[in-house]
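# Coordinate inspection notes
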Amino acid sequence: MDVSSRPVLDYWCELQCPDCHRAQGDLDALRERYGERLEIRLRHFPLEKHKHAYAAAQAAEEAFAQGKGDAYAAAVLARSGELARRGEELLLEVARGLGLDDAEFEGALIDGRHLLIVDADQAEGRAIGVKGTPTYVIGGQRLDGGKSQEGLRARIEEIADGLLGDRA
């Protein structure tokens, strides 16, 4: 399949959100099931109630720029409770643990080079009705996982299978 024509699953996520951490298992299962046939894209939706969410979103964008965005996001989500206490210190520690460029991370958190990406994701999310995280969009359908994630993976698979024209 031509990767330019593959279906896209956008998921609005906040890296200090425990529900987004729990959603990682579903995302991993979707990646395993569909591989390159389904593009899964993290979209940022930092919530005001989480003090370090905006910085975490910027740090994730720096990790994407350095080629390890998905691994970085998963590692930060695994420590979402700790992020609340340690903030940027934790963000830099996770980057170092993944072998990312420390100076670039520090610079990105200071100079705001990724602010436009984070702001654009958040604005688009608001425009389509995202109210909490995680929220998924696939095939033009928004699926809200902020209250409950029960059944969401099955629904995403149903939509993806339809878009792909198979039941793989």
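Refer to the structure printed above.
These remarks concern the structure in this document.

Definitions and cut-offs
- Residues numbered from 1 in each chain as written.
- Predicted model: local features only at pLDDT ≥ 70, side-chain atom pairs only at ≥ 80, totals over all residues.
- Heavy atoms only, no water.
- 1 Å grid on protein atoms, 1.4 Å probe; cavity = no way out; pocket = protein on both sides within 12 Å on 5 of 7 lines; lining within 4 Å.
- Points joined across faces, edges and corners; volume = space filled by probe spheres on them.
- Helix = DSSP H or I, 4+ residues; strand = E, 2+ residues; numbered from the N terminus.
- Axes fitted to C-alpha atoms, helices over the stretch in contact; angles between N-to-C directions.
- Parallel < 35°, antiparallel > 145°, perpendicular 65-115°, else oblique.
- Left-handed = near helix turned anticlockwise from the far one by under 90°.
- Contact = heavy atoms within 4.5 Å.
- Nonpolar A, V, L, I, M, F, W, Y, C, P; charged D, E, K, R; others polar.
- Salt bridge = Lys/Arg side-chain N within 4 Å of Asp/Glu carboxyl O.
- Pairing = 2+ DSSP bridges.
- Phe/Tyr/Trp six-rings, centres within 6.5 Å; stacked < 30°, edge-to-face > 60°.
- Buried < 20%, exposed > 50% of the residue type's maximum accessible area, 1.4 Å probe, protein only.
- Expected span 1.5 Å × (residues − 1).
- Arc of directions from axis to C-beta.

A word on empty space enclosed by the protein. Counted under the stated rule, the structure contains one cavity of 30 Å³ or more. The volume enclosed by the largest cavity comes to roughly 40 Å³. Along the walls of the largest cavity sit C13, E14, L15, L42, H44, F45, P46, A53, A56 and A57, which together make up its complete lining. At the level of secondary structure, the elements contributing two or more residues to the lining of the largest cavity comprise β2 (39-44) and α2 (53-65). In terms of residues, the lining of the largest cavity owes the most to one element, α2, which gives three residues.

At a closest axis distance of 10 Å, the pairing of helix α3 (residues 69-77) and helix α5 (residues 88-97) adopts a crossing angle of 130 degrees. Between α3 and α5, the angle falls in the class oblique. Here the hand of the crossing between α3 and α5 comes out right-handed. Residue-level contacts link Y72, A75 and V76 of α3 to L91, V94 and A95 of α5. Residue classes in the contact of α3 with α5 are distributed as six nonpolar, no polar and no charged.

Turning next to the pattern of salt bridges. Across all of its chains, the model carries 22 salt bridges by this definition. R155 serves as the salt-bridge partner of E158, at 2.6 Å between the closest nitrogen and oxygen. Here E158 pairs with R155, and both are found in helix α8 (residues 152-164), just three residues apart, close to one helical turn. Linked through salt bridges whose partners overlap, the residues forming this network are D10, R41, R43, D121 and E124.

Turning next to the pairing of strand β4 (residues 141-144). Sheet topology note: the strand β3 (residues 135-138)/β4 ladder contains four bridges and is antiparallel. Paired with Y136 across the bridge in β4 is L143. Where β3 folds back onto β4 in an antiparallel hairpin, the turn is made up of two residues, including G139, whose phi is positive at roughly 55 degrees.

We now examine the packing of aromatic side chains. Evaluation of the coordinates by the stated rule reveals one aromatic pair. Relative to F105, the ring of Y72 has its centre 5.3 Å away and its plane inclined at 40 degrees; by these criteria the two rings are tilted. Of this pair, Y72 sits in helix α3 while F105 sits in helix α6 (residues 102-111), and the two are 33 residues apart along the sequence. Overall, Y72 belongs to the buried group, its relative accessible area being 0%. Classification of F105 by relative accessible area gives buried; the value is 0%.

Further remarks concern helix α7 (residues 115-127). Between its terminal C-alpha atoms α7 stretches 18 Å, which fits the 18 Å expected from 13 residues at 1.5 Å a residue. Residues V118, D121, Q122 and G125 constitute the buried set of α7. Projected down its long axis, α7 shows its buried positions confined to an angular sector of 95 degrees, all on one face. Among the exposed residues of α7, those pointing more than 90 degrees away from its buried face are L116 and A127. Next to the buried residues of α7 lie β1 (8-13), β2 and α2. Positive phi appears at G129, one or two residues downstream of α7, with a value of about 100 degrees.

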